[in-house]
Each structure stands twice: as structure tokens, then as C-alpha cells.
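Chain and residue survey
Take a look at the letters that make up each chain.
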Amino acid sequence: MLSRAFLPLLFLVWLLAVAYGSPAADPHPGPRKCAKVRLRREWRDLRVTDKHAFIRAVRCLQSLPAKDTSLPKKITRYEEFVVSHTAVGDAIHGVGQFLPWHRHFVFLYETALREECGYQGPFPFWDWPRDADGIKPLKESPLFDPVTGFGPDGTPGTFTMLPNSDPHVPGSNAFLPPFTSLPWGCVTSGPFANLTLHLGPGRTQNFDHCLTRAIQESLRDLLKTSNINKILAQKDYDSFWNSLDGRPFKVEWALHEGGHVGINGDMTNYYTSPNEPLFYLHHSGLDRLWWKWQHGRPGRLREVGGRSSTLPPFGKVTHSFEISFEDLSPNVTVGEAMDTACEPYCYAYSY
Ligand SMILES: *[C@@H]1O[C@H](CO)[C@@H](O)[C@H](O)[C@H]1NC(C)=O
Ligand SMILES: *[C@@H]1O[C@H](CO)[C@@H](O)[C@H](O)[C@H]1NC(C)=O
Ligand SMILES: [Cu+2]
């Protein structure tokens, strides 16, 4: 006979099942769905007030001290993200976890802008074809506007690289070519004029330097709609990330390098490229393509794959694979970074 005490217990079990979802009903138990999602927008679709607020928030991060007090005193909160990208650089590029890692990294940066510097507008991305499909030079993009953008190209003759920099050796300073022949210059006007960066360029050298650019057209074709469509047409995750991320040091460039090499300067460094504030717009652009691809066919939302290291034994990326941000944030699993409509991400992209 059922005891009367059993009924409340049954009710409690039912309540828990409703609150957390029954495992049988949810084939993908994991992070919780967001109650509300924010829309990320292309830079030129932000309202002018949001553009100014975004740039102000970036400059705010660049003026705050790092949270990690074991770092040298001059390292800023903004540069703490550069430290993280450098520390794990060899584990997150040219591998299947490239996309989940950069998704979470950009999200951490967005969170810092909102929580530590009060940004409230949409997080921006770069939709490359809006610049590359036309005939105007890339340096005329609204992204490089001195007032409503991130400032112009570098001024030739204002920057000298340390003489012992070795640009082409992976694992040392590792610049994406073309590098040595370009007239890198300091960005001398706009919101990041004569900014002092303390890290890199490169993993093994750190010297105080300005933000450098050398905007050029050599990989422009990779930024065009024709290339984007080719990437989106890939049938599985492994070929998708491969078609979007190039093969560093083998000179098989792809869209990922197209944005890095197109801006050039600090942006071409394998490790310290987040010195360039446009890094985050380029990478949210890449994240948007992944998001589009994920939603393009049923079943793709949780598809992962690809090798998990650039050196043997390669391994295979699965949902339980952990990605590290060193001291910037706790590890997450690849599975946790699959769905931007789930906690903690809570964003979608405008088309
Ligand atoms: C940045 O430095 C250059 C010279 O190094 C100078 O001509 C320019 O006025 C400076 N810009 C700002 C905004 O201070
Ligand atoms: C985080 O992930 C890295 C790389 O996958 C791993 O080496 C490390 O042990 C993990 N750290 C923790 C605290 O689990
Ligand atoms: Cu990266």
C-alpha cells in the first residue's frame, strides 16, 4: 500500500523533471537554453552611438590593470586576453577546436566589455564581402574610419621591428607572411592612435610598441562572397573548418588568414594578434559563418571533428575535449561551446 509520504516525494520528482528536463526527452543534455538572446550585428549596422560606446569600452579595457596580479604591472586587462591567446596558441590553431576556442574567447572579451566597461550595445562582427566584393580599396572600409571606426592604416616609417625577430619560425615569433617586405606603420590617428602595447609582437619577444597595420590587398579574393559561399557549402564539420582556416606555414591561405593578412601588422602574429582590436570583429565574423553553417541543416548544431593537435598523435575532437584559456577563464568542453542559444553565450547573428 502507498504510504501518504510517498505522494509528496512523487510530486518532487515530477517538479525536478520539469525544471531540468527529463534526460529521455533531451537527446543532448548539457548547457541550458537561454531565456533571451542578443543579436550580434555587422559593424556598419551599429548605431553611431553604439560604435562610439563600443570603442570607448575597448579603450576602457586597455586602461584597466590586469586581474592576474602575477603579470607585470603594466599589462592591461585588454592585454590579459593577448596573454591567453599566446599561451595556448599552439593548441588552438590548425585543429578542430579552432572554432569552439575562438567562440568562447570572443565571448569572454564581450563579457569583459559589458561587465567591466559598461558596454550595452550589440557585439559587432565583420562581414568581409561588404568591403571585398566592391572595387574600393580595403583601407577605405568603414572599419578604418578615424571617427566611427578603429582608425586608419599605419603610417609608413613610424615603426621599426626589433632586428632579431624571426618571422617565419613556428613556435617562436611566427608572423604570417608576407611580413618582412611590408612597410608596417604605427596607427597614428583615430581612437587607437599611438597606443602603447606591451606584448609581442610574437611569443618570445615583448617590447613596448604602437599598434601597427599595413593594410593590403594580397588576399582580398578570400574575403569575397564567392569564397564565403564555398565555405558554407561544405558538407561536414571537418571540411568546414578546414576550408575556413588555412594551414599556417604551408602557404595555403583561407578566409581566416585573409582577414589577418589584410590588416597586417600586429594582426599577422600567430600569438599576439589580439593586440589588434579588429581581431575580435574578424573572429566574430568567422563565428557567424560557423553559426550559419550549424543552422543550415538539421543535425549540424552539435557536429564536431577534426584533429585535436597539429603534431602526431593527432587525436580527434569530441564534445568532451577540454579547451584551456590559461588564467583568463576556467576550461570549457567543446560540447559546451556548440550552441550560442545556450548559457552562457545567449547570442545569435543578424544575417
Ligand atoms: C602620434 O604620433 C605621431 C608621431 O609619432 C604624431 O605625429 C601624431 O600626432 C600622434 N597622434 C596623436 C593622436 O597623438
Ligand atoms: C584544461 O584543459 C587543458 C588542455 O586541454 C588541460 O591540459 C588542463 O589539465 C585542464 N585544466 C583543468 C583544471 O582541468
Ligand atoms: Cu587565434
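Below, the structure is looked at part by part. Keep in mind that what you see is a predicted model, and the values were worked out from it rather than measured. (Residues numbered from 1 in each chain as written. Chains lettered and ligands numbered in written order. Predicted model: local features only at pLDDT ≥ 70, side-chain atom pairs only at ≥ 80, totals over all residues. Heavy atoms only, no water.)

The next thing to look at is the overall build of the protein. What the protein contains, in helices and strands, is 10 helices and eight strands. By element, 59% of the accessible surface of the protein is carried by carbon and sulfur atoms, the whole surface being about 16000 Å². (Helix = DSSP H or I, 4+ residues; strand = E, 2+ residues; numbered from the N terminus. Areas by Shrake-Rupley, 256 points an atom, 1.4 Å probe, with all protein chains shown as cover.)

Here we take up the coordination of the copper ion (ligand 3). Reference geometry at the metal: tetrahedral coordination by four donors gives ideal angles of 109.5 degrees; octahedral coordination by six donors gives 90 or 180 degrees. His85 (NE2), His93 (NE2) and His102 (NE2) make up the full set of protein donors to the copper ion (ligand 3), lying at 2.1 Å. Between consecutive donors of the copper ion (ligand 3), the numbers of intervening residues give the motif H-x7-H-x8-H. Its relative accessible area of 1% is what places histidine 85 among the buried residues. (Donors = N, O, S within 2.8 Å, 3.2 Å for Na, K, Ca; no water. Buried < 20%, exposed > 50% of the residue type's maximum accessible area, 1.4 Å probe, protein only.)

A few words on the site of ligand 2. Around ligand 2 lies a shell formed by Glu322, Ser324 and Asn331. Within the backbone of glutamate 322, a nitrogen or oxygen atom sits 3.0 Å from an oxygen atom of ligand 2. Contact between ligand 2 and asparagine 331: an oxygen atom at 2.4 Å from a side-chain N or O atom of the residue. Considering ligand 2 on its own, with 360 Å² of exposed area, one finds that the protein chains cover 32% of that surface. (Near = heavy atom within 4 Å. Polar contact = N/O pair within 3.5 Å; in protein donor to acceptor, adjacent residues only side chain to side chain.)

This part covers the state of the cysteines. Throughout the structure, instances matching the rule amount to three disulfides. Each disulfide pairs two cysteine sulfurs, and for cysteine 34 the partner residue is cysteine 346, the sulfurs being separated by 2.2 Å. Taking the torsion about the sulfur-sulfur bond, which here is approximately -90°, the covalent link between cysteine 34 and cysteine 346 counts as left-handed. Placement of cysteine 34 in the loop between helix H1 (6–20) and strand S1 (38–42) and of cysteine 346 in the loop between strand S7 (332–333) and strand S8 (347–349) is noted, with a sequence separation of 312 residues between them. For the pair cysteine 34 and cysteine 346, one class covers both residues: buried. In this model, cysteine 186 is linked to cysteine 210 through a disulfide, with the two sulfur atoms separated by 2.1 Å. Between cysteine 186 and cysteine 210, the S-S torsion sits near -75°, and that sign places the bridge as left-handed. With cysteine 186 in strand S4 (residues 185–186) and cysteine 210 in the loop between S4 and strand S5 (212–213), this pair connects stretches of sequence that are 24 residues apart. For the pair cysteine 186 and cysteine 210, one class covers both residues: buried. The connectivity of the disulfide bonds within the protein can be written as 1-6, 2-3, 4-5, using the sequence rank of each bonded cysteine. We note that cysteine 342 lacks a disulfide partner, and the nearest cysteine sulfur, in cysteine 34, lies 6.1 Å from it. The exposure class of cysteine 342 is buried, given its relative accessible area of 7%. (Disulfide = S-S within 2.5 Å.)

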